[in-house]
Amino acid sequence: MTPQRAGWIAGAATAVLVAAGAITYAVAGDDGGTEVPAADSADAGFARDMAVHHQQAVEMSYIVRDRTDDEEVRRLAYDIAQTQANQRGMLIGWLDLWELPKVSSDPPMTWMGMGDAPSAGAGSLMPGMATDAEMKKLGTLDGKRAEVFYLQLMTEHHQGGVHMAKGCVERCAVGVEKRLARGMVESQESEIRLMADLLAERGAKPRP
């Protein structure tokens, strides 16, 4: 593994530590004086939607870990799963802290003005999310085919996640949540570059 690639993968582990610190700040009232966000705020919408978005990434990553023996892809998948599971717990924890519902009657992405955006198919509730059919297909592949399909799906998933995180940076009012969103942008953009390299090594590219 090259030093650069090792650094990219290590970045995911660092994100976990940053996330753990962020929830501590939130509980401690780091944003001193900030009012609890409303149920229809960007802060609440991002927390709800990104928790769902992250859950699929976790599921996808554990699927590919069982479908390949490639240590580099397995390590990346594990890091993504651990980081996003940790962040998902934080997002849900904030909703609990704010005493806000974890589900909404509004369509996903309403907080970004995209509640009426067309879906890519069943299961794809937000930008970049895989469809139910794609998730099922991933579970049928092995070896290099599983690696390539996972890297393609996760690249799209990260691109959608980056779009959502940037939306929170622009719209969210709670400082600790905005900082988490900035960290998501940085770490996921780094992993997108790493996945492009891993795809190229396998004679493949991100899907158009």
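About the cut-offs
What you see as residue numbers is a count from 1 along each chain, following the sequence as written. Thresholds applied to this predicted model are a pLDDT of at least 70 for local features of residues and 80 or more for the giving and counting of side-chain atom pairs; totals over whole chains, interfaces and linings are not thresholded and use all residues. Only hydrogens and water are set aside; all other atoms, that is, all heavy atoms of the structure, feed into the side-chain values. Here a helix means four or more residues in a row that DSSP labels H or I, a strand means two or more in a row labelled E, and each is numbered from the N terminus. Exposed residues in this analysis have more than 50% of their type's maximum accessible area, buried residues have under 20%, and partly exposed residues fall in between, with area computed by a 1.4 Å probe over protein chains only. Here, residues are in contact when the closest pair of their heavy atoms is within 4.5 Å. The method behind every accessible area is Shrake-Rupley, applied with a 1.4 Å probe, and residues are considered shielded solely by the protein chains displayed. Any Lys or Arg side-chain nitrogen located within 4 Å of an Asp or Glu carboxyl oxygen qualifies as a salt bridge. Cysteine sulfurs are considered disulfide-paired once they come within 2.5 Å of each other. Within a predicted model, pLDDT stands for the predictor's per-residue confidence, ranging from 0 to 100.

(A) How the structure looks around the overall build of the protein. Across its full length, the protein holds 6 helices and 0 strands. Tracing the protein from N to C terminus, the helices and strands come up as α-α-α-α-α-α. Here the protein holds 208 residues, and the buried ones make up 48% of them. Sequence separation of 24 or more characterises 78% of the internal contacts of the protein that already satisfy a separation of 6 or more. Summing over all exposed atoms, the protein offers an accessible surface of approximately 9,800 Å²; the carbon and sulfur share of this is 54%.

(B) The arrangement of the pattern of salt bridges in detail. Evaluation of the coordinates by the stated rule reveals 10 salt bridges. Put simply, aspartate 70 and arginine 202 hold a salt bridge, and the shortest N to O gap is 3.2 Å. Here arginine 202 lies in the segment after helix H6 (175-201) and aspartate 70 lies in the loop between helix H2 (42-65) and helix H3 (71-97), a separation of 132 residues in the sequence. Linking glutamate 170 and arginine 171 is a salt bridge whose minimum nitrogen-to-oxygen distance equals 3.5 Å. Residue classification places glutamate 170 among the exposed residues on the basis of a relative accessible area of 62%. Exposure remark for arginine 171: the relative accessible area of 37% places this residue in the partly exposed category. Bridged by salt links that share partners, the residues Asp70, Glu147, Glu201 and Arg202 form one connected network.

(C) A look at the environment of leucine 138. Secondary-structure assignment places leucine 138 in helix H4 (residues 132-138). A C-alpha to C-alpha distance of 6.9 Å links leucine 138 and tyrosine 150, two positions 12 residues apart in sequence. Sequence-distant contacts of leucine 138, defined by excluding residues within four places in its chain, comprise Met60, Ile63, Arg67, Ala146, Phe149, Tyr150 and Leu153.

(D) Broad picture of the state of the cysteines. According to the stated counting rule, one finds 1 disulfide in the structure shown. Across the disulfide, cysteine 168 is cross-linked to cysteine 172 (sulfur-sulfur distance 2.3 Å). On the S-S bond that ties cysteine 168 to cysteine 172, the torsion sits near -120°, and the link is left-handed. The same class applies to cysteine 168 and to cysteine 172, which are both buried.

(E) View of the confidence of the model for the protein. In this model, the protein carries a mean pLDDT of 88, and residues with pLDDT of at least 70 account for 84%. Contacts from residues 10-29, a stretch scored under 50 in pLDDT, to residues over four places away or in other chains number 25 contacts.

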